[in-house]
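# Chains, contacts and geometry: an overview
Residues per chain are reported as follows:
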Amino acid sequence: MITPQLVDPKSIVIVGASDNIEKPGGKALYNVKNGTFKGDIYAVNPKKETIQGIKAYKDVSDLPQTDLAILAIPATMCVPNVKVLLEEKGTKTVIILSAGFSEMGAEGKRLEQELASMADKHGATLIGPNCIGVMNPLHQSVFTTPIPKLQWDGATLISSSGATCVFIMESALSKGLPFSAVYSVGNAAHTCVEDVLEYVNETYGTERSPRTVLMYIESIKKPLKFLKNARELIEKGCRIAAVKSGTSDAGGRAAASHTGAMLNSDMAVDALFRKAGIIRCNSRGELTAVGAVLQHAPLKGKRIGIITHAGGPAVMLTDVLSNGGMDVPHLPDDVMAPLLPELFEGSSVSNPVDILSTGTAEQLDKCITFCDKLDNIDGMVVIFGSPGLFSNADAYAVIRKQQKKCKKPIYTVLPSIINAKAEMDVFVDEGGVFFEDEAVLGHALLKETGFIAPDAEPDPVLPNEAAVKELLQGHKGLVPTEQGMKLLDLTGIKRPMNRIVNTEEHAVKAAEELGFPLVMKVVGPAHKSEVGGVILNITTMEAVRTNFKKLNAIECAEGVELCQMEYGLEVFIGVKKEPGFGHLITCGLGGIFVEVLKDIQYALAPVHKSEALRMIRSLKSYKMIQGVRGKEGIDEEVFADAICKVSGLLSAVPEIEEMDLNPLMGHGKHLAAVDVVIKL
């Protein structure tokens, strides 16, 4: 819960205030006092009468009522001070800058839990501990620099780490990126990233709503809450980009299925971001670059026009965009002919539009106006530096003027960070956002155009839910093969006819009923092929007898399955339940290919039809599924329908921990699961 006093306090106290601004308590007081805060400021220090010109109280018990308290005192002193503030001073927000809590061990964790319990009891917000603080256009309650440009339509930054938060702001400042608010949650003893995101969502639509949200996340404590609020924010028009650190998987967890062995917690985070519609970034620099792109009006297509006075950067940007799937379309001579006489001899207007190093601000203005009217580009990039011979002030003023009036977004690359520094500072002061490097901008644009809006389809349902639950009632661990096959029937997933037998005579009878050719498989071991437990293309009764004996002799064999032989391409559908996140559903080529090629796509359940189709079409092996070199593929609609049926099953039976349909075999509109492994 975020209280109003965190956003708009009328009074702030710094507990542990100091005259020394190289100390957290001193710098926090300095930032609050010299920032935009207009309310009452108090300081607490038992040894001083005044601190930085502010009256100092010896103890928090001497304070008047205070909305927001910033603590810069030892960890062991925080609990008694917070107790007084919440119980006696009506304080509704506490920011604890101090370290020395859960990062130091069990006692520090206990202190955090006590502080969080007090905050809950009194309906207060606790930020931290071990954070840099919070700031917005109304107050800057942090102990660090820089203080970025703060305006309500800027980006909201939410960070798990205080130090990383500072580094992100420094990166943002180099691009002129403004912020609406910065929240550093630190150890998140009481308020985590998801809680702040929820507040932004619940208050979205006012004049204080950010255009974008940027996040640096070390842990997601409440994935479903995170998903709900991110999706709703994006549906309201906000755009979100995030870095999630800790992507390497500790691994080593035992798995009953191939899927269980392949998927990890970072894939769950990746799937969560995609389902929410969050653009995932891999570094601080990429996060702020994407944030700078998102501060522009949305790009409504993938066609970019480049206007430059330097050929090299334009070519490099064209390479990045073209290689990434965007288009720098050729502009025909007949279309561009009216522009050419306005430029110096030797200029090019085919895209990139190159006005030469001698190009003027007036010519730049005409190029932007001309390109804004073209139907075959969706946005413009202007690259304009300086050789140090003349001022770029007029050119940069033109760019800002055009950004305000053009229908299409205009992204700016200003590479002359030394020669044109003064002009660039003015550009930023007037609200401009820029990029020093064209490749950085190019990759950020690719991230934006790769954005997929969250699905709005109804969740898949299971028609035979009651029968499925009855079938699985009382089961734990691996589900017997016979039950697994019945489950497929109830789920609506096709399978070949089969029989499970325990004697040679029954095997012969089953073969007579099913007909040849047959497949024989050992029942019991989860990974049948690894123990020689799968024998294909059996066409005689003698082979049935011989192979029954062979399979039944395998260690842990519980019987032998005979089933009709299927033909066609092998694919698979797998499931793994990730704690806190729910079920990951994955698909790809089946059989041994899944382990060898590791060409898989995955999504967080529930998976809708359009999402299932995107998974299939994103596989590197998609051409094989479509059919290649005369070999019939599998109808992708049928494959997607099977994925959705599995998703419906998971909604009905959340106890499923792992599941493999590997392989499903088919051709055209026929697709049948020839093996199933389910672990509850």
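Residues numbered from 1 in each chain as written. Predicted model: local features only at pLDDT ≥ 70, side-chain atom pairs only at ≥ 80, totals over all residues. Heavy atoms only, no water.

As recorded in an unreviewed UniProt entry, the chain goes by the name CoA ligase, listed as coming from Porphyromonas macacae.

## Topic: the overall build of the chain
When you go through the chain residue by residue, the secondary structure sums to 24 helices and 30 strands. Taking the principal axes of its C-alpha atoms as reference, the chain extends roughly 100 × 75 × 35 Å. Considering the chain as a whole, with its 680 residues, one finds that 56% of them fall into the buried category. For the chain, restricting intrachain contacts to residue pairs at least 6 apart in sequence, the fraction spanning at least 24 positions comes to 71%. (Helix = DSSP H or I, 4+ residues; strand = E, 2+ residues; numbered from the N terminus. Buried < 20%, exposed > 50% of the residue type's maximum accessible area, 1.4 Å probe, protein only. Contact = heavy atoms within 4.5 Å.)

## A few points about the pairing of strand β20 (residues 518–523)
Of all six residues making up β20, six are buried, and the element is well covered by its neighbours. With three bridges connecting them, β20 and strand β21 (residues 534–538) associate as antiparallel partners. Counterpart to Lys521 in the pairing with β21 is Val534. Bridge count between β20 and strand β22 (residues 559–564): six bridges; the pairing is antiparallel. Bridge pairing links Lys521 to Glu561 in β22. (Pairing = 2+ DSSP bridges.)

## Here's the deal with helix α24 (residues 636–652)
Compared with the 24 Å implied by 1.5 Å per residue over 17 residues, the 25 Å span of α24 between its first and last C-alpha is a close match. Among all positions in α24, only Glu636, Phe639, Ala640, Ala642, Ile643, Cys644, Val646, Ser647, Gly648, Leu649, Leu650 and Ala652 are buried. Capping the start of α24 is the job of one residue whose side-chain oxygen sits 2.8 Å from the backbone nitrogen of Glu637: Asp635. (Expected span 1.5 Å × (residues − 1). Polar contact = N/O pair within 3.5 Å; in protein donor to acceptor, adjacent residues only side chain to side chain.)

## Quick look at the confidence of the model for the chain
The predicted model of the chain averages 93 in pLDDT, with 97% of residues at 70 or higher. Here residues 250–254 is modelled with pLDDT under 50, and outside its nearest four sequence neighbours on either side it reaches six contacts, counting other chains as well. (pLDDT = per-residue confidence, 0-100.)

## Description of the pattern of salt bridges
This model, assessed by the stated rule, comprises 35 salt bridges. Note that Glu49 and Lys58 form a salt bridge whose closest N and O atoms lie 3.8 Å from each other. One salt-bridge network, held together by shared partners, links Asp195, Glu198, Lys222 and Lys225. (Salt bridge = Lys/Arg side-chain N within 4 Å of Asp/Glu carboxyl O.)

## Topic: the pairing of strand β5 (residues 68–71)
Burial of β5 is two-sided: the residues Leu68 and Ile70 facing one way and the residues Ala69 and Leu71 facing the other way are all buried. Judged from the four bridges that link them, strand β1 (residues 11–15) and β5 form a sheet pairing that is parallel. The partner of Val13 across the bridge, within β5, is Ala69. Two strands pair when backbone bridges link them, and β5 and strand β6 (residues 93–96) are joined in this way by four bridges, in the parallel orientation.

## Notes on the nonpolar core
The biggest cluster of nonpolar side chains holds 60 residues, and the ones touching the most others in it are Tyr183, Met215, Phe226 and Ile278. Looking at which element gives the most residues to this core, the answer is helix α9 (residues 265–276), with seven residues. Judged by nonpolar contacts, the second largest core, of 46 residues, contains Leu613, Ile625, Cys644 and Leu661. (Core = buried A, V, L, I, M, F, W, Y, C linked by side-chain atoms within 4.5 Å.)

## Some points on the domain arrangement of the chain
Per the domain assignment, the segments of the chain are domain 1 (1–143), domain 2 (148–295), domain 3 (321–444), domain 4 (497–565) and domain 5 (569–679). Taking only C-alpha atoms, the centre of domain 1 and the centre of domain 4 are 72 Å apart. (Domains from an automatic or database assignment.)

## Structural notes on the packing of helix α6 (residues 193–202) against helix α7 (residues 223–235)
Running from N to C, α6 and α7 cross one another at 30°; their axes reach a closest spacing of 9 Å. It follows that α6 is roughly parallel to α7 by the angle criterion. As α6 packs across α7, the resulting crossing turns out to be left-handed. Contacts between α6 and α7 pair Glu194, Asp195, Leu197, Glu198, Val200 and Asn201 from the former with Lys225, Phe226, Asn229, Ala230, Glu232 and Leu233 from the latter. The residue makeup of the contact of α6 with α7, split by class, is five nonpolar, two polar and five charged. (Axes fitted to C-alpha atoms, helices over the stretch in contact; angles between N-to-C directions. Parallel < 35°, antiparallel > 145°, perpendicular 65-115°, else oblique. Left-handed = near helix turned anticlockwise from the far one by under 90°. Nonpolar A, V, L, I, M, F, W, Y, C, P; charged D, E, K, R; others polar.)

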